[in-house]
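# Overview (structure and organization)
This is what each chain is made of:
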Amino acid sequence: MEELENLFKRLNIKPKNTELYKRAFRHSSYSNEHKGLESYERLEFLGDAIVDLVVADYLFENYKESEGEMSKVRASYVCEDALYEYSIKLGLDKLLKVGHGETGKDSKTLKASVSDIFESLCAAIYLDLGFATVRRVVLKIVSPYIEKGVKFFEDYKSALQEAVQTTKNSVTYELVKEEGPSHDKKFTINAVIDGIVYGTGTAKSKKEAEMEAAKEALAKLAV
């Protein structure tokens, strides 16, 4: 509870319903082991839309780029790497509660969960204190990264396409696995060049999984 109170001070908020914030940090594995406690998954679903809206609104008000350019910029600041950075900066990883079965899982799985709880926290703030408050909190955290031009996301698919075009090879992306409930899907996709798998990516969306696969493929081509 002390760590939660410290978080409230850092965010400069005065919660009305602390149960919402406790729920925001409960992984489904923890909820499964503690019957009656809801996980963060529904909050994360809502928080994803909230963060997207706040960042899109900020870009619309402060930048004059085209729709396509703003979409690329927004993608950089709401992707898994960005959300993970925000969570770590706030110390949210220390508040994450996982079940015994999740302990010792690989770093990719842990990273996804730490990224998720930034969104679920934003949903908790929205439900408890309203949009104006969550907007202030999100912008306080995210806008400095935008203003400094920090890049969390690169267009690895385009870079890979350009790399293989010089040798007249072709790139395709194949869905290997789709798992999880409809509100919390994870996709695993291979980047295939002329029938050979060069990279594999796993993420919450097909687009992000393709980017991860392309990133890995580029690293292999560079060797």
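The sections below set out a description of the structure shown in this document. (Residues numbered from 1 in each chain as written. Predicted model: local features only at pLDDT ≥ 70, side-chain atom pairs only at ≥ 80, totals over all residues. Heavy atoms only, no water.)

### Examining the side chain of Glu80
- Topologically, Glu80 is positioned in helix 6 (residues 80-90).
- It is Lys111 that comes nearest to the buried, bridge-free Glu80 among opposite-charge side chains, at 4.7 Å.
- Each residue touching Glu80, except ones within four places of it in the same chain, is listed here: Lys111, Ala112, Ser115 and Glu208. (Helix = DSSP H or I, 4+ residues; strand = E, 2+ residues; numbered from the N terminus. Buried < 20%, exposed > 50% of the residue type's maximum accessible area, 1.4 Å probe, protein only. Lys, Arg positive; Asp, Glu negative; His and termini not counted. Salt bridge = Lys/Arg side-chain N within 4 Å of Asp/Glu carboxyl O. Contact = heavy atoms within 4.5 Å.)

### A word on unusual backbone geometry
- Notably, Asn12 is not glycine yet its phi reads approximately 60 degrees, a positive angle.
- Position of Asn12 relative to the elements: it lies in the loop between helix 1 (2-11) and helix 2 (18-23).
- A relative accessible area of 57% means that Asn12 is categorised as exposed.
- Phi is positive for Asp194, close to 50 degrees, though the residue is something other than glycine.
- Structurally, Asp194 can be placed in the loop between strand 2 (186-193) and strand 3 (196-203).
- Exposure remark for Asp194: the relative accessible area of 47% places this residue in the partly exposed category.

### A look at a positive patch on the surface
- A cluster of basic residues, Arg10, Lys89, Lys94, Arg136, Lys140 and Lys148, forms a positive patch on the protein surface.
- Top contributing element to the positive patch by residue count: helix 8 (residues 131-148), with three residues.
- Structurally, Lys94 can be placed in the loop between helix 6 and helix 7 (107-129). (Patch = residues over 30% accessible without salt bridge, like charges linked within 9 Å, V, L, I, M, F, W, Y side chains within 5 Å. Areas by Shrake-Rupley, 256 points an atom, 1.4 Å probe, with all protein chains shown as cover. Charge placed at Lys NZ, Arg CZ, Asp CG, Glu CD.)

### As for the packing of helix 6 against helix 8
- Between helix 6 and helix 8, the shortest axis-to-axis distance is 11 Å and the interhelical angle comes to 125 degrees. Judged on the interaxial angle alone, helix 8 and helix 6 are oblique. Helix-helix and strand crossings are classified by hand; for helix 6 and helix 8 the assignment is right-handed. Along the contact surface, helix 6 presents Glu85, Tyr86, Lys89 and Leu90, while helix 8 presents Ile141, Val142 and Tyr145.
- Partitioning the contact of helix 6 with helix 8 into residue classes produces five nonpolar, no polar and two charged. (Axes fitted to C-alpha atoms, helices over the stretch in contact; angles between N-to-C directions. Parallel < 35°, antiparallel > 145°, perpendicular 65-115°, else oblique. Left-handed = near helix turned anticlockwise from the far one by under 90°. Nonpolar A, V, L, I, M, F, W, Y, C, P; charged D, E, K, R; others polar.)

### Some words on the sheet that holds strand 3
- Here three strands make up an open sheet; going across it, the order is 1-2-3 and the pairing antiparallel. Among the strands making up the open sheet, the edge pair consists of strand 1 (171-179) and strand 3. Pairwise comparison of adjacent strand axes, ignoring direction, gives a mean angle of 20 degrees for this sheet.
- When strand 2 meets strand 3, the two strands line up antiparallel, connected through seven bridges. Residue pairing in the sheet places Ile193 in a bridge with Ile196 of strand 3.
- Against the sheet, helix 9 (residues 156-165) engages strand 1 and strand 2, with an angle of about 140 degrees to strand 1.
- This element, helix 10 (residues 206-222), spans strand 1, strand 2 and strand 3 of the sheet and lies at about 140 degrees to strand 3. (Pairing = 2+ DSSP bridges.)

None of this, on its own, says anything about what the molecule does.
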